[in-house]
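Descriptive analysis of the structure
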Amino acid sequence: MATKGNTGDNRTRRSFSIFVLFGLCCFFYLLGAWQRSGFGKGDSIAHEITRRADCSVVSNLNIETHHGVGVKNHNDLRSKIKVFKPCDDRFIDYTPCHDPMRTINYKERHCPPNAEKLRCLIPAPKGYATPFPWPKSRDYIPFANAPHKSLIEKDTQSWIRHEGKVFRFPGGGPQFPHGVDAYIDQMASVIPLGNGLIRTALDTGCGVASFGAYLFKKNVITMSFSPRDSHEAQVQFALERGVPAFIGVLDTIKLPFPSRSFDMAHCSRCSIPWAQNDGSYMMEIDRVLRPGGYFVLSGHLEEEQKKIDEMAKVVCWEKKHEKGEMVIWRKRVSKDHCQERESHVKMCESTSVNDIWYKKMEACVTPYPKTNNSNEVAPFPQRLYDVPPRISSGSIHGISNESFKEDTKLWQKHLNGYKRVNKIITSGRYRNIMDMNAGVGSFAAALESPKSWVMNVVPTISKKDTLGVIYERGLIGIYHDWCEAFSTYPRSYDLIHAHGLFSLYKDKCSYEEILLEMDRILRPEGSVIIRDDEIEVMKVKKIVSGMRWNTKMVDHEDGPLVSEKMLFVVKQYWVAGENNSPSSR
């Protein structure tokens, strides 16, 4: 009996090895075939892998061999495939929850009702090209990718130039008349930049995000945001450059971040009336600023300075620097320095400070944590692997120190498995990466590299609120409900990762809507990795068969008997005006 069992095990292992080899070969055949170079010339790696691959050795293997266990109703998966048509060309820059036609009334998120949602594929503009690799993308983007000239109408401006087939970003402009580097150096004379103590920053009213782009040299990762207004391409330019950004505004709704997220916040000529609305804007910045964090304000109106200084005392910030147009405050490290304010300032309810999504901003001050130990994090990159304070203090129910460490190791294993299928995942080909269901951020931690950054999304329906943990690790992220569109332009991300997302949302909204949104924000020739229970992956695979996606279904790293499966995707290259029909593969 033992011999027979071993024979069966060997046969299973041999079949699995052949299956993985086939997946490796053919996935990179697709990757090389559809990832065009464009101006960026970022696809030579994929082309070289394609040249070396020989898929003919196992060309007759049925890729569904190991995928059938657990599927209860095969008829659901065999029904007619729905083919999704391209949207009209006028929707090239469609941002559903930030429709410029509705911004007359309000600039905050305002998603369309179901009856008005588009159920088609957003085209790329004609001539769309692969972005330049980082760091060249910081200074240059293909003009065809975001063909908007509204920001360069003034010949005197120096923050963006149109030069033939590219936009160039000189690193200047009204925010930084002496250049971004000089501006950051002035800041660094007060704030300890570059030693890992300041890792996460928030840039309000970011423009084209040059501040965040140049802070990467200090190993600081910046979350930038700006509204979709008359300067329609600001956030789009930022993301094309490879800089984290989203469409947003500081108005009446709380920012989509937990309390104590950022080490630094910044505003340079961002047109936010800090002294108005009973100081609620400064109180909101105080909420998302970690104890000991810094707030930098430059280019503000002098007549507002007195009121801003008064509000800074209310939120218990200490002024550390004031020279020229730049003022820097530091939030007190602990509540011990702020005892007297609590008698004459409205304090927010401690039970509601992390109740964020679509909640109204309040004119109240967020209390400090009960213990000072919950504020302490190590310098980056040590804090990436240390147990975060929110976990070590027991604030996240169900996540222990040990389970956090195990999760970190597990995702390094998963990433190694991904690299066996997609060998360019860590090559720099994918700059803007999104993790749609990030957990404690271990996928992003495994990927950590100057070549890329990860937008870690914690769904609002998640059972555990882990976004604060992600920030304590020195990573960035945002709350979001995937039944709605994300606050970004089309073609924002090079790689999208979705682990357990469809199992999470299977009773909330349709997979079709989520997948169409994924397609909207994914670049042409971008990649997707969907990891979920087999039945959910099979449902997804059927839907995307009509979406101009090329797919490859792969078993779990531990073998075909594990119910969790993976779907690897390459989005086909196609642009506005083309009539080619989507592939049914």
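The structure under discussion appears in the preceding block.
These lines cover the structure that appears in this document, whether it is placed above or below. Everything quoted here is computed from the prediction, not taken from an experiment.

Quick word on the pairing of strand β7 (residues 262-268)
Extensive coverage of β7 is indicated by the burial of 7 of its 7 residues. Inspection of the sheet shows β7 paired to strand β8 (residues 289-298) by 6 bridges, in the parallel sense. Following the sheet pairing, S268 is matched in β8 by S298.

Thoughts on the sheet that holds strand β15 (residues 522-533)
Strand order in the open sheet made by the 7 strands is β13-β12-β11-β14-β15-β17-β16, with mixed pairing throughout. Looking at which strands have only one partner, the edges of the open sheet turn out to be β13 (476-480) and β16 (549-555). Adjacent strand axes in the sheet meet at a mean angle of 20°, parallel and antiparallel pairs treated alike. Pairing geometry for strand β14 (residues 493-499) and β15, over 6 bridges, is parallel. Across the sheet, the residue bridging to H499 is R531, located in β15. On top of the sheet, helix α12 (residues 401-421) reaches β14, β15, β16 and β17 (564-571); it is set at about 130° to β15, its chief contact. On top of the sheet, helix α17 (residues 534-544) reaches β15, β16 and β17; it is set at about 150° to β15, its chief contact.

Some details on the nonpolar core
Counting 128 residues, the largest nonpolar core has L202, F257, M264, W274, L515 and M518 as its most contacted members. Ranked by residues supplied to this core, first place goes to helix α16 (residues 511-521) with 6 residues. In this view, M264 contacts M187, I191, L193, I198, T200, A201, L202, F211, L215, L289, Y294 and V296; residues no more than four positions away in its chain are not counted. F143, A146, V208 and F237 belong to the second-largest nonpolar core, a separate cluster that totals 10 residues.

Criteria and thresholds
Residues numbered from 1 in each chain as written. Predicted model: local features only at pLDDT ≥ 70, side-chain atom pairs only at ≥ 80, totals over all residues. Heavy atoms only, no water. Buried < 20%, exposed > 50% of the residue type's maximum accessible area, 1.4 Å probe, protein only. Helix = DSSP H or I, 4+ residues; strand = E, 2+ residues; numbered from the N terminus. Pairing = 2+ DSSP bridges. Axes fitted to C-alpha atoms, helices over the stretch in contact; angles between N-to-C directions. Contact = heavy atoms within 4.5 Å. Core = buried A, V, L, I, M, F, W, Y, C linked by side-chain atoms within 4.5 Å.

Keep in mind these numbers describe shape, not what the thing actually does.
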